[in-house]
Amino acid sequence: MNLRPYQQSGVTAIRNAYKTYRAPLYVLPTGGGKTFTFSYIALHAMKKGNTVWIMAHRAELIDQIYRSLNQMGCDHGIVCAGYMPDHSKIVQVCSVQSVVNRLDKVKSPDLIITDECHHSTSSTYIKIYNHFPDAKLLGVTATPQRLDGKGLGLVYDKMILGVSVRELIDMGFLCKTKYYAPPLRYTLDDVKKTAGDYNKKQLEEV
């Protein structure tokens, strides 16, 4: 299975980043094929004999990664509640909540790929990263920011920007969008913000 040209450019940029950095962050919009791109990276890292962890925080993401790796013929195990573990595989798809309690049971990773990596600054992720200080990191997200304002530079040291939504539309990989919104008959000037977002109770009242 072949990468799209912009995905290949992203992979090349990530590989080049590792010449200088430990932990690049790759940004690609929803629909751009983040899972396929980092599955490709995992496959080729595996072929070089590297142990790879791909971490996610939700069951549906674990399942999506599992299907993507299967499409590529990348043999892997899963560390997640409800799955039978196979620690002999050098590629592991890991639920963050499950693997954090098994850090000494799974083979130490050479590369940790984190899906939806805007969650990476939470204590659970940091515990995992700190446990394997020699592992390279790769964060992947469509939204490289957090509502609490905590910077992802706490984990990542190089940001690689992929193509934009507009470029994906122009290339024919995403459909054109139509926006629908009600007429604005109110103001949010008096609504306070909590953790970077509007206060839900006040917003509901408006």
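As the structure is a computational prediction, the values presented were derived from the model and not from experiment.

**Student:** Whenever I open this one, the pattern of salt bridges confuses me. Can you help?
**Tutor:** Close approach of charged atoms allows side chains of opposite charge to pair. Applying the stated criterion across every chain, the model contains six salt bridges. In this structure, Asp 75 engages Lys 89 in a salt bridge whose closest nitrogen and oxygen atoms are separated by 2.7 Å. Pair noted here: Asp 75 is in the loop between α3 (59-72) and β3 (77-79) and Lys 89 is in the loop between β3 and β4 (91-95), with a separation of 14 residues, a long-range link. The partly exposed category is assigned to Asp 75, whose relative accessible area is 44%. A residue is classified by how much of its surface remains accessible, and Lys 89, at 24% relative accessible area, is partly exposed. In this structure, the salt-bridge partner of Lys 89 is Asp 86, at a minimum N-O distance of 3.9 Å.

**Student:** I keep staring at the pairing of strand β5 (residues 111-115) and nothing clicks. Help me out?
**Tutor:** Taken residue by residue, a regular strand's side chains alternate between the two faces of the sheet. With five of five residues buried, β5 is to be regarded as a mostly interior element. Neither face of β5 is open: one carries Leu 111, Ile 113 and Asp 115, the other Ile 112 and Thr 114, and all of them are buried. One ladder, built from five bridges, connects β5 with strand β6 (residues 136-141); its direction is parallel. Looking at the pairing, Leu 111 lines up with Lys 136 of β6. Viewed along the sheet, the connection from β5 through helix α5 (residues 123-131) into β6 turns out right-handed.

**Student:** Whenever I open this one, the sheet that holds β4 confuses me. Can you help?
**Tutor:** Within a sheet, neighbouring strands are paired by backbone hydrogen bonds and run either parallel or antiparallel to one another. Spatially, seven strands are ordered β3-β4-β2-β5-β6-β1-β7 in an open sheet, and the strand pairing comes out parallel. Unpaired on one side and paired on the other, β3 and β7 (158-161) mark the two borders of the sheet. Looking at each pair of strands side by side, their axes are set apart by 20° on average, direction ignored. Packing against the sheet, helix α1 (residues 5-17) makes contact with β1 (24-27), β6 and β7, and its axis sits at approximately 170° to β1.

**Student:** Any chance you could explain the packing of helix α2 (residues 34-47) against α3 here in plain terms?
**Tutor:** Axis angle and axis distance: for two packed helices, these are the angle between their axes and the distance between the axes, and together they describe the pair. Running from N to C, α2 and α3 cross one another at 55°; their axes reach a closest spacing of 9 Å. Relative to α3, the element α2 lies oblique. Relative to α3, the crossing made by α2 is right-handed. Taking contact as the criterion, the partners of Thr 35, Phe 36, Phe 38, Ser 39, Tyr 40, Ala 42 and Leu 43 in α2 are, on α3, Gln 64, Ile 65, Ser 68, Leu 69 and Met 72. For the contact of α2 with α3, the residue count by class is eight nonpolar, four polar and no charged.

**Student:** Would you explain the packing of aromatic side chains in this entry?
**Tutor:** Under the criterion given, the structure shown has three aromatic pairs. Centre to centre, the rings of Trp 53 and Phe 132 are 5.1 Å apart; their planes meet at 75°, and the pair counts as edge-to-face. Within this pair, whereas Trp 53 is found in strand β2 (residues 52-56), its partner Phe 132 is found in the loop between α5 and β6, the two being separated by 79 residues in sequence. Side by side, Trp 53 and Phe 132 carry an identical accessibility label, which is buried.

**Student:** For this particular structure, what's the right way to read unusual backbone geometry?
**Tutor:** Peptide bonds are trans in most cases, and residues, glycine excluded, mostly fall at negative phi. In this structure, Glu 116 takes a positive phi of about 50° despite not being glycine. In this fold, Glu 116 is placed in the loop between β5 and α5. Of the residues examined, Glu 116 reaches a relative accessible area of 21% and is grouped as partly exposed.

Calculation criteria
- Residues numbered from 1 in each chain as written.
- Predicted model: local features only at pLDDT ≥ 70, side-chain atom pairs only at ≥ 80, totals over all residues.
- Heavy atoms only, no water.
- Salt bridge = Lys/Arg side-chain N within 4 Å of Asp/Glu carboxyl O.
- Helix = DSSP H or I, 4+ residues; strand = E, 2+ residues; numbered from the N terminus.
- Buried < 20%, exposed > 50% of the residue type's maximum accessible area, 1.4 Å probe, protein only.
- Pairing = 2+ DSSP bridges.
- Right-handed = clockwise from strand over helix to strand, strands pointing away.
- Axes fitted to C-alpha atoms, helices over the stretch in contact; angles between N-to-C directions.
- Contact = heavy atoms within 4.5 Å.
- Parallel < 35°, antiparallel > 145°, perpendicular 65-115°, else oblique.
- Left-handed = near helix turned anticlockwise from the far one by under 90°.
- Nonpolar A, V, L, I, M, F, W, Y, C, P; charged D, E, K, R; others polar.
- Phe/Tyr/Trp six-rings, centres within 6.5 Å; stacked < 30°, edge-to-face > 60°.

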